[in-house]
Amino acid sequence: MHRNYFHLHLVSDATGETLIAVSRAAAAQYESVSAIEHVYPLVRSEAQLARVLAEIEASPGVVLYTLVEPEWSQRLENFCRELGCPCLSVLNPVLALFQSYLGQASAPKPGAQHVLNAEYFRRIDAMNYTLLHDDGQLGGDLESADIILVGISRTSKTPTSIYLANRGIKTANIPLVPNVALPAELEHVRKPLIVGLVASPDRIVQIRQNRLLSLRADDETPYVDPASVADEVAQSRRLCARKGWPVIDVTRRSIEETAASILDLLRDHRMKFIAT
């Protein structure tokens, strides 16, 4: 497939995370087009804005921005209009909607969503917990988890755990290894939601083979034997069914999609836990 490229300038007076997320979600809808991203975070001075304008002029393209300073926003839009580049504030339509509903104007504050508040420190605490309880490490204290992920090797337990931790969710993950007993504590935890992650045997074999290749390890092992892997998957499904743990098949899911499904389960689990 022939692929076209265009310049995409993302201008922010904060970290630029909002712009990156929005622009990539939009760009993903166009299979034959890719964006060449130019990201300008923390634009908070005249000199920084001047550098941004110079780079847009050198590589014209689409310009998205989140600048809460009206004077700078107007300057950027005027410049782009003269240059013939489409330019859009990602936040303005949302702020206008909020203002019409709330009946009051916003108070411009760059990076207002990135503050050292209780939510921020909750995320740090969750990340620390998750890293310490990755892959069955640091046994004990599982009751403090919000979520416990179980699954055989290469079912995306670690990246999913890290993603959830970044959302402030304490997540432990425990590998299911043939002929290795699960931690005894797992039988008694009450508060955490336990979720099994599975994938198709073919997919797991492929990922494991790539893993062994990167390590230059011998691939004559049950670790990548299709029959052995299929048995591992079947055993993990039977275990989750026996324990009453929900199962998510991650074969064709992104980490974000898997996490979203887990968070849906967590909301239901918390409601049931509160009710009891």
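Below, the structure is looked at part by part.

What counts, and where the lines are drawn
- Per chain, residues are indexed from 1 in the order of the written sequence.
- Local features are withheld for residues below a pLDDT of 70 in this predicted model, meaning they are given only at 70 or higher, and side-chain atom pairs are given and counted only at 80 or more; totals for whole chains, interfaces and linings count all residues.
- Hydrogens and water molecules were not included; the side-chain quantities draw on all heavy atoms of the structure.
- Strands here mean DSSP runs of E at least two residues long; helices mean DSSP runs of H or I at least four residues long; both are numbered from the N terminus.
- What a helix is expected to span follows from its residue count: subtract one and scale by 1.5 Å.
- Relative accessibility thresholds used throughout: buried, under 20% of the residue-type maximum; exposed, over 50%; partly exposed, between the two (1.4 Å probe, protein chains only).
- The arc in question is the one spanned by the directions pointing from the helix axis to the C-beta atoms.
- Any two residues having at least one pair of non-hydrogen atoms within 4.5 Å are treated as being in contact.
- Salt bridges, as used here, are contacts in which a Lys or Arg side-chain nitrogen is within 4 Å of a carboxyl oxygen on Asp or Glu.
- Here a polar contact is taken to be a pair of N or O atoms separated by no more than 3.5 Å, where protein atoms must pair a possible hydrogen donor with a possible acceptor and residues adjacent in sequence count only if both atoms sit in side chains.
- Remark: nonpolar core denotes a set of buried residues (Ala, Val, Leu, Ile, Met, Phe, Trp, Tyr, Cys) joined through side-chain atoms within 4.5 Å.

If you check helix α5 (residues 118–132), its first and last C-alpha atoms are 21 Å apart, about what 15 residues at 1.5 Å a residue would give, namely 21 Å. Burial in α5 covers these residues: A126, Y129 and T130. Taken down its axis, α5 places every buried residue within 95° of arc, on the same side. Of the surrounding secondary structure, the elements contacted by the buried residues of α5 are α6 (157–165) and β6 (171–175).

Tallied over the entire structure, the rule returns ten salt bridges. Residue R51 is joined to E55 by a salt bridge in which the shortest nitrogen-to-oxygen separation is 3.0 Å. On the criterion of helical spacing, the pair formed by R51 and E55 is a turn pair, its members being four residues apart in helix α2 (residues 46–58). You can call E55 partly exposed: its relative accessible area is 30%. In this structure, the salt-bridge partner of R208 is E232, at a minimum N-O distance of 3.0 Å. Taken together, the residues span a long stretch of sequence, with R208 in helix α7 (residues 201–215) and E232 in helix α8 (residues 226–243) at a distance of 24 residues. Each member of the pair, R208 together with E232, is buried. Through salt bridges with shared partners, a single network forms among D146, K191 and R270.

Our next topic: the environment of T15. Within the fold, T15 resides in the loop between β1 (4–12) and α1 (17–27). Note on T15: relative accessible area 32%, which makes it partly exposed. Separated by 28 residues in sequence, T15 and V43 have C-alpha atoms that sit 9.2 Å apart. Among the polar contacts listed, one links the side chain of T15 to the backbone nitrogen of E17, at a separation of 3.4 Å.

A few words on the environment of V68. Looking at the secondary structure, you find V68 in the loop between β3 (62–66) and α3 (70–83). For V68, a relative accessible area of 24% translates into the label partly exposed.

Quick look at the nonpolar core now. Counting 33 residues, the largest nonpolar core has L142, I147, I148, V150, L186 and I262 as the members making the most contacts within it. Contributions of two or more residues to this core are made by β5 (147–151), β6, β7 (193–198), α7, α8 and α9 (255–275). Residue contacts for L142: discarding those within four places in its chain leaves Y129, H133, I148, A172, I174, E185, L186, V189 and P192. Ranked by size, the runner-up nonpolar core spans 15 residues in total, among them V11, L49, L67 and L76.

Time to look at the side chain of S12. The topology assignment puts S12 in strand β1. Judged by relative accessible area, which is 2%, S12 ranks as buried. Within the local environment of S12, its side chain forms a polar contact with the side chain of T66, the two groups lying 3.1 Å apart. In this structure, S12 is in contact with L19, Y40, P41, L42, V43, T66 and L67, ignoring residues within four places of it in sequence.

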